[in-house]
Each structure stands twice: as structure tokens, then as C-alpha cells.
Amino acid sequence: MTDHDLVLRGARTLDPETALDAVCDVAIDGARITAVVEGGSPDLRGTREIDGKGLVLAPGFIDLHSHCRDYPSRALQVCDGVTTALELEAGEVDVMGAYAAMAADGSPNHYGFSASWALARMAVCGLDVSAGLDAFFEHINAADWHRPLSGAETAAMLDAIRSALGDGALGVGVLLGYCQESAGSEYLDLAQLAADERSATFTHVRELSRPDSGLFGAAEVATAALATGAHMHLCHINSTSTRHVDHVHSLLARGRDQGLRITTEAYPYGAGCTGIGAAFLAPDNLVNEGISPEDIRYLPTGERVSSPARLAELRALDPGGLAVIDFLHETDPADLGYLTRALLADDTAVASDAMPLVFPGGASAEWPIASDVLTHPRTAGTFGRVLRWYVRELRVLDLAEAVRRCTLVPADILRDIAPDMARKGRIQVGADADLVVFDADLVTDRATYDAPTRTSEGIRHVFVAGTPVVTDGVLDVQARPGRPIRSSAS
């Protein structure tokens, strides 16, 4: 008998890749799983042992879409079972600097970045993007980058993105919906670059100032996949497709049937969150989104926007100020149907679109998080909400399938880009010891729109690279075992 660093005993163990669903003893040594014994074995001994009887042991949740950089927001995610949180939609232009900054600060979960089209475009238009995501929000409605590019500017932008991919970026993040003025040929150039570099694009689809914008935006993504052969990923299909989600799923399914590599993600909320200066939130464009100013909550003050005039005022004063927008109304049965079906198409990944925290009065980012700090509840509760709502209450997903969409599906989306992902999303000998242990009968999100930083319940243990980060439901604030996830190009 060999002593292992840790043995998790008697939990219902789910491995999405092999369809294992059985009570097992699982051993961990260092950062890897070293034994999985179905039915358990007294010969498997651990220096430390955890009784998992009555609990579920699953791979740690993999979030492809997180805008969280500071410790408190990433801690909210790890308390929701997230062991890998990647910034793939917005990305970074200084990818090496972003990885270095995360390594210096330390993270409770693994991290990674795409190459940012928006920041690269802003830079060639003369804007200062050294602040990364903060710079994007600062310049969100600046006229300087809302224009067609010259040939020289396009070449410089593509060179910057190509360089970032060489530095380990996990794809090309394309916030296309924030710059409607960009040419269709520019998007095809991005897709071709991704194909040439054996990478992928992660797209917030174009907003076209029409009620069916989400459908035509998705068609542009499918067209780029057809024209270039690139792997195209649609971000948050629930919030961009809204009431056209059934048509969008049908379109993408036909594309996949023809061999196109198109993947999707969704989160289980009817509200989105972005800078209030986004073009699609201009008062004249709201009718195309099917919303009114009162559907927008401006987080720096917590107010519901009272009128088009007040919306215009806030957009001028603080274009990057975060706002929560009710694109679908969860109390409306028809809208609830669209929201629910957004996540149910085959192989749709769960991804949170987790947002930065808004601290009143210039307060600092500290843990525990003060009760008056605001954000979108998806930051703290996306994965707990799926397990509660879709599995236990609505019963539209069984537990094993929900876990697969939170783990193996996102890992496989990156399988050809990042070698590390072949060891994640699985419970097998040799796989990374990124694990979550939860009570399937009790796991739930507690975050709400009014109290968005309340941590999920029922998540009992979280291990990242074999290190306990959450133990018996308590976060270890000193544990920062997160490691960088980079592409094979680096």
C-alpha cells in the first residue's frame, strides 16, 4: 500500500469523457490524479483523507468567459466551483504583460487570455490601451476607433494580434458588437489569421441596429467559418440571440453538420452586463434590443435609468460605467423559454461572462467583499445556478450532462489550442487535480441582482492543481495555486 497526498473517499464520481458515474475512491499526488478506484479500496491510503459519502466529485468547472482580474472577483468564482477562468471574449493586446501581472498577484484558479481585436484596433487608431480591459471601457464609445481602417492600419492590427498569439494567447477575442463600423472583410481577415495560426476566434457578434440582429450576427460568424475554415466560437448566445435563439441554434447546427467548427456558450440569466456607452445601448437603438431605459440598471449608483435623457447623460458622463441590462425578462414565460433553450442545444458550454466588481466611493478590492459592492450575479453564481435550476428544479438536464457542459465541453473547445486542456475536465489517472466536491441536493446560487456577491452554497471542497482552495465550504484566502493556460504556439 502506498500513501497518497490525498484520498477522496466514497463520493459519486463523474468523469464526462468516459461516462464514469460511480462511487469511487480518488487519490491525488501533487497536482495530478494518481488513482481512481470504482467501488473504493481500503488499500488506497492518504496522508489526508476526505469523506465524500453522499457528495458528488466532479472535474473543476472551466469558465471560458471571465472578465475577472482582481482577487475578490476570482474568489467569488472559485467559491462557485470554477477552477479555470479564462478571458477569451475581450482578451488582451499585451498578453505577456497580462500573464505576468496575474502571476505576480497570484490567483486562486487557473487563468489565460485571448489576443484582443478591440484593443489592437484601438491602438492602431491612436488610443492608449495600456490599461487593458479598463482602457476598452474608457474608450468604448470613442469616435477614434469607430471608423473603417486603412490598409496600413489593418496590417498593423493583424501583426499585433499575430504577435500576441505567438506569446501564448488562446485565440482571438472579437468584441465585434461594439464596433459596427468595422468592415466585414476585417472580420474575415481575423478568421483567416486564426485559421492560419491553428487557433480560434471568440466573438461577441455584430449588432446591426435591427430587431433580428442576433440572427444575422450569427450568420456572419458561420460565413467566416465557411470562408476560412477557422474555429469560430460564439460568446453568450443567450444575450445576443435573445428571442431568435432557436433560429440561431438551427443555423449553427447546419453549419456543424457540414463540417464547420462552430462552438457556443451560454449563461443562465436574462440580463447582460456591459459599459453603458456601448453603441447598442444608445437610446435610439433600444427598440431594436426590445428593451427600454428602465431595463437598464447603472451600477455605480444602483439606479434604474429613468428616461432616454438620463441614459444619454450617463453615456456621456461615464461611458465605461457598468450597467445590467434586462434583455430577456425571466418572469415572462416566453422569454424564460428562450433563455432556457439557449443552454440546451448540443454541446453548448456553460460560461459566466463574469464581470469586474464596482466598488462605491473608490473602495479597494478586498475579501470579504462588502455588501454594497455591485456586479452581475453571474460572477458569483453561474455554475451553482445551473446545478440548482436546470438540474434540480427544471429537470431539463441530468446531473452528469450538466457537469459535462461545465467541464469537458469547454476543455474540448480549447483542445487543439492549449495542451493543458487535455488534462482538464476529466477525472482519470494522469488528469489535473482540479476538482470540485458538492452536495447535489443543496448546491445553489445565492447571488441576486440586489446582492450579487453572495457566494454559492453546497460547494464543499475545491482543489486547484491539487491544492485545497475551498475546504468544508470555507475559502482559504492564502491559497493562490492558479497557473497560466497558454497556447501551444508559445
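Structure shown above.
Residues numbered from 1 in each chain as written. Predicted model: local features only at pLDDT ≥ 70, side-chain atom pairs only at ≥ 80, totals over all residues. Heavy atoms only, no water.

1. Points about the overall build of the chain
Stage number 1. A count of helices and strands for the chain gives 15 helices and 21 strands.
Stage number 2. Against the 2.2 N^0.38 benchmark of 23 Å for 490 residues, the chain shows a C-alpha radius of gyration of 22 Å, consistent with a compact globule.
Stage number 3. If you line up the chain on its principal axes, its C-alpha atoms span 70 × 45 × 45 Å.
Stage number 4. Each of the 490 residues in the chain was classed as buried or not, and the buried ones make up 61%.
Stage number 5. Counted over contacts in the chain with a minimum sequence separation of 6, partners at least 24 positions apart contribute 73%.
Stage number 6. Of the accessible surface of the chain, which amounts to about 17,300 Å², a share of 50% is contributed by carbon and sulfur atoms.
Stage number 7. Here the chain carries 40 positive and 68 negative side-chain charges, and the mean point of each set is 3 Å from the other. (Helix = DSSP H or I, 4+ residues; strand = E, 2+ residues; numbered from the N terminus. Rg over C-alpha atoms; globule rule 2.2 N^0.38 Å. Buried < 20%, exposed > 50% of the residue type's maximum accessible area, 1.4 Å probe, protein only. Contact = heavy atoms within 4.5 Å. Areas by Shrake-Rupley, 256 points an atom, 1.4 Å probe, with all protein chains shown as cover. Lys, Arg positive; Asp, Glu negative; His and termini not counted. Charge placed at Lys NZ, Arg CZ, Asp CG, Glu CD.)

2. Section: the sheet that holds strand 8 (residues 110-116)
Stage number 1. The strand order across the open sheet formed by 8 strands is 6-7-8-9-10-11-12-17, and the pairing between neighbours is parallel. In this open sheet, the two edge strands, each paired with only one partner strand, are strand 6 (61-63) and strand 17 (349-350).
Stage number 2. Along the sheet, helix 3 (residues 117-124) makes contact with strand 7 (82-92), strand 8 and strand 9 (172-174), crossing strand 8 at roughly 45°.
Stage number 3. Its contacts with the sheet place helix 5 (residues 151-166) against strand 8 and strand 9, and it is angled at close to 155° to strand 8. (Pairing = 2+ DSSP bridges. Axes fitted to C-alpha atoms, helices over the stretch in contact; angles between N-to-C directions.)

3. What to know about the environment of glycine 40
Stage number 1. When you line up the elements, glycine 40 lands in the loop between strand 3 (32-38) and strand 4 (45-51).
Stage number 2. A C-alpha to C-alpha distance of 7.1 Å links glycine 40 and arginine 9, two positions 31 residues apart in sequence.
Stage number 3. Once you skip the residues sitting within four places of it in the chain, glycine 40 turns out to touch Val23, Cys24 and Asp25.

4. Topic: the packing of aromatic side chains
Stage number 1. A full pass over the atoms with the stated rule returns 12 aromatic pairs.
Stage number 2. Ring geometry for tryptophan 389 versus tyrosine 390: centroids 5.3 Å apart, planes at 80°, classification edge-to-face. Accessibility assignment for this pair places tryptophan 389 and tyrosine 390 in one class, buried.
Stage number 3. One Lys or Arg, arginine 385, reaches over the ring of tyrosine 269 and ends 4.4 Å from the middle of that ring.
Stage number 4. Over the ring of tyrosine 71 we find arginine 480, and its NZ or CZ is 3.9 Å from the ring centre. (Phe/Tyr/Trp six-rings, centres within 6.5 Å; stacked < 30°, edge-to-face > 60°. Lys NZ or Arg CZ within 6 Å of the ring centre and 35° of its normal.)

5. A closer look at the packing of helix 7 (residues 213-228) against helix 9 (residues 245-257)
When two helices pack together, their arrangement is given by the angle between their axes and by how far apart the axes lie.
Stage number 1. Taken N-terminus to C-terminus, the directions of helix 7 and helix 9 make an angle of 15°; their axes are 9 Å apart at the nearest point. As far as their axial angle goes, helix 9 and helix 7 are roughly parallel. Seen along the crossing, helix 7 lies across helix 9 with a hand that is right-handed. Here Gly214, Leu215, Ala218 and Ala219 of helix 7 come into contact with helix 9, specifically with His247, Val248, Leu251 and Leu252. (Parallel < 35°, antiparallel > 145°, perpendicular 65-115°, else oblique. Left-handed = near helix turned anticlockwise from the far one by under 90°.)

6. Comments concerning the sheet that holds strand 13 (residues 271-275)
Stage number 1. The 4 strands are arranged 13-16-14-15 in an open sheet whose pairing can be described as antiparallel. Whereas interior strands pair on both sides, the edge strands pair on one side only; in this sheet they are strand 13 and strand 15 (303-304).
Stage number 2. Here strand 13 pairs with strand 16 (residues 322-326) via 5 bridges, running antiparallel. Paired with cysteine 273 across the two strands is valine 324, which belongs to strand 16.

7. Quick look at the pairing of strand 12 (residues 262-266)
Stage number 1. Among the 5 residues in strand 12, 5 count as buried, and that is most of the element.
Stage number 2. Residues Ile262, Thr264 and Ala266 of strand 12 are buried on one face, and the alternating residues Thr263 and Glu265, pointing to the opposite face, are buried as well.
Stage number 3. Pairing geometry for strand 11 (residues 231-234) and strand 12, over 3 bridges, is parallel. Residue pairing across strands places leucine 234 opposite threonine 264, the latter belonging to strand 12.
Stage number 4. Relative to strand 17, strand 12 is paired through 2 bridges, and the arrangement is parallel. Following the sheet pairing, alanine 266 is matched in strand 17 by valine 350.

8. Some words on helix 1 (residues 71-78)
Every α-helix carries 3.6 residues per turn, so stepping three or four residues along brings you back to the same face.
Stage number 1. For helix 1, the tally of buried residues reaches 8 of 8 residues, placing the bulk of the element in the interior.
Stage number 2. The backbone nitrogen of serine 73 lies 3.0 Å from a side-chain oxygen of the residue at the head of helix 1, namely aspartate 70. (Polar contact = N/O pair within 3.5 Å; in protein donor to acceptor, adjacent residues only side chain to side chain.)

9. Brief notes about the pattern of salt bridges
Stage number 1. Counted under the stated rule, the structure contains 35 salt bridges.
Stage number 2. Ionic pairing is found between arginine 121 and glutamate 186, a salt bridge with its closest N-O pair at 2.8 Å. In this pair, arginine 121 sits in helix 3 while glutamate 186 sits in helix 6 (residues 184-196), placing the two residues 65 residues apart along the sequence.
Stage number 3. Assessed through its relative accessible area of 0%, arginine 121 is described here as buried.
Stage number 4. Relative accessible area serves as the criterion here: at 5%, glutamate 186 is assigned to the buried category.
Stage number 5. A salt bridge links arginine 405 to glutamate 401; the shortest N-O distance between them is 2.8 Å. Here arginine 405 and its partner glutamate 401 are both found in helix 14 (residues 399-406), 4 residues apart, which amounts to about one turn of the helix. One exposure class covers both arginine 405 and glutamate 401, and it is buried.
Stage number 6. Connected through salt bridges with shared partners, the residues Arg32, Asp420, Arg423, Lys424, Asp432 and Asp434 form a single ionic network. (Salt bridge = Lys/Arg side-chain N within 4 Å of Asp/Glu carboxyl O.)

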